[in-house]
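Each chain, written out:
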Amino acid sequence: MKQYSTYIFDLDGTLLDTLGDLAQSTNHALREMGMPERSLAEIRQFVGNGVRKLIERAVPEGTPSDVTEQTLAVFKMHYIDHGLDTTKPYEGIPEMLAELKGRGKNIAVVSNKFYDATQQLCRHFFPDTVSVAIGEREGINKKPAPDTVLEALRQLGVTADDAVYIGDSDVDIKTAENCGMPCISVLWGFRDKDFLIEHGGTTFVETPREILAHQ
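Draft legend 1. Summary view of the layout of surface pockets. As a volume, the largest pocket reaches approximately 190 Å³. If you go around the largest pocket, the residues you meet are Val51, Arg52, Leu72, Lys76, Phe114, Tyr115, Asp116, Glu136, Arg137, Glu138 and Ile140. Those elements that provide at least two residues to the lining of the largest pocket are α3 (51-58), α4 (65-82) and α6 (115-125). Looking at the lining of the largest pocket, its residues break down into five nonpolar, no polar and six charged. Estimated volume of the second largest pocket: approximately 160 Å³. Residues of the lining of the second largest pocket, tallied by class, amount to eight nonpolar, six polar and one charged.

Draft legend 2. Highlighting the pattern of salt bridges. Within this structure, the stated rule accounts for ten salt bridges. Note that Asp10 and Lys143 form a salt bridge whose closest N and O atoms lie 3.0 Å from each other. Here Asp10, found in the loop between β1 (6-9) and β2 (16-17), pairs with Lys143, found in the loop between β5 (132-136) and α7 (147-156); they are 133 residues apart in sequence, far enough to count as distant. For Lys143, a relative accessible area of 2% corresponds to the buried category.

Draft legend 3. Expanded view of the pairing of strand β4 (residues 106-114). In terms of residue burial, β4 counts as a mostly covered element, since eight of its nine residues are buried. In this sheet, β4 lies alongside β1 in parallel orientation, the contact comprising four bridges. Following the sheet pairing, Phe9 is matched in β4 by Val109. Note: β4 against β5, four bridges, orientation parallel. Following the sheet pairing, Val109 is matched in β5 by Ala133. Following the chain from β4 across α6 to the adjacent parallel β5, one finds a crossover that is right-handed.

Draft legend 4. The arrangement of the packing of aromatic side chains in detail. Per the stated rule, a full pass over the model turns up six aromatic pairs. A centroid spacing of 6.5 Å and a plane angle of 20 degrees characterise the contact between Tyr7 and Phe9, whose relative ring orientation is stacked. Judged on exposure class, the residue Tyr7 and its partner Phe9 are both buried. Aromatic side chains Phe125 and Phe126 sit 6.2 Å apart centroid to centroid with 45 degrees between the ring planes, which places their arrangement in the tilted category.

Draft legend 5. Examining the side chain of Glu136 more closely. Looking at the secondary structure, you find Glu136 in strand β5. The buried charged residue Glu136 lacks any salt bridge partner; its closest oppositely charged side chain belongs to Lys142, at an N-O distance of 4.4 Å. Discounting residues that sit within four places of it in the chain, Glu136 has contacts with Gly50, Val51, Ser111, Asn112, Lys113, Phe114, Tyr115 and Lys142.

Draft legend 6. Focus on the sheet that holds β1. Pairing is parallel in the open sheet, where six strands are placed in the order β5-β4-β1-β6-β7-β8. Each edge of the sheet is formed by a strand with only one pairing partner; in this case those strands are β5 and β8 (204-205).

Draft legend 7. Quick peek at the packing of helix α1 (residues 19-32) against α3. Contact geometry of α1 with α3 gives a least axis separation of 11 Å together with a crossing angle of 55 degrees. Between α1 and α3, the angle falls in the class oblique. When the axes of α1 and α3 are compared, the crossing they make is right-handed. Residues Leu22, Thr26 and Leu30 of α1 form the contact with α3, whose participating residues are Leu54, Ile55 and Ala58.

Calculation criteria
Residues numbered from 1 in each chain as written. Predicted model: local features only at pLDDT ≥ 70, side-chain atom pairs only at ≥ 80, totals over all residues. Heavy atoms only, no water. 1 Å grid on protein atoms, 1.4 Å probe; cavity = no way out; pocket = protein on both sides within 12 Å on 5 of 7 lines; lining within 4 Å. Points joined across faces, edges and corners; volume = space filled by probe spheres on them. Helix = DSSP H or I, 4+ residues; strand = E, 2+ residues; numbered from the N terminus. Nonpolar A, V, L, I, M, F, W, Y, C, P; charged D, E, K, R; others polar. Salt bridge = Lys/Arg side-chain N within 4 Å of Asp/Glu carboxyl O. Buried < 20%, exposed > 50% of the residue type's maximum accessible area, 1.4 Å probe, protein only. Pairing = 2+ DSSP bridges. Right-handed = clockwise from strand over helix to strand, strands pointing away. Phe/Tyr/Trp six-rings, centres within 6.5 Å; stacked < 30°, edge-to-face > 60°. Lys, Arg positive; Asp, Glu negative; His and termini not counted. Contact = heavy atoms within 4.5 Å. Axes fitted to C-alpha atoms, helices over the stretch in contact; angles between N-to-C directions. Parallel < 35°, antiparallel > 145°, perpendicular 65-115°, else oblique. Left-handed = near helix turned anticlockwise from the far one by under 90°.

Dropping the structure here:
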């Protein structure tokens, strides 16, 4: 089996179960703007392409762009204060990261979550294991473009040669492909196996411990 020296992880739906807080902040913003709320199942389908896309999908069809921008601003203000209300690592994630770290592996997080929230969550939950955390910000193309992953590799001081990308969505599969990296798809996240296979997924894990076998 291929030996990897670098593990690049998606955040939401891969390391952290963030759905409850994303839903809470989305519906807070929709309420504030006088719009109908969305169900948890709907919001599960809306996430994965960054918070701007989440809000664009959540607001009613035909909403003017300036109103969508206002809604996004309300969402961000609420999420920075409430992003830790119910969010937690999936069972077995901290132990898996600690084991990888103990084996001398490089670990980074690359997310389409906005930059400040990505940094805040990684500092809070993974201060000793995740050495580089990159989120969405101006001036760098977000996933599935390879830019943020390449930036993570640059900050780690390594190449993509012995790196693997790990995520829970079609966006992650495409990101890995665009980086020329293999992809491990996790099955505890926001998308199911049939959907992932449909979008090109080939390697799957059902528990964090199984990631340790891919080393």
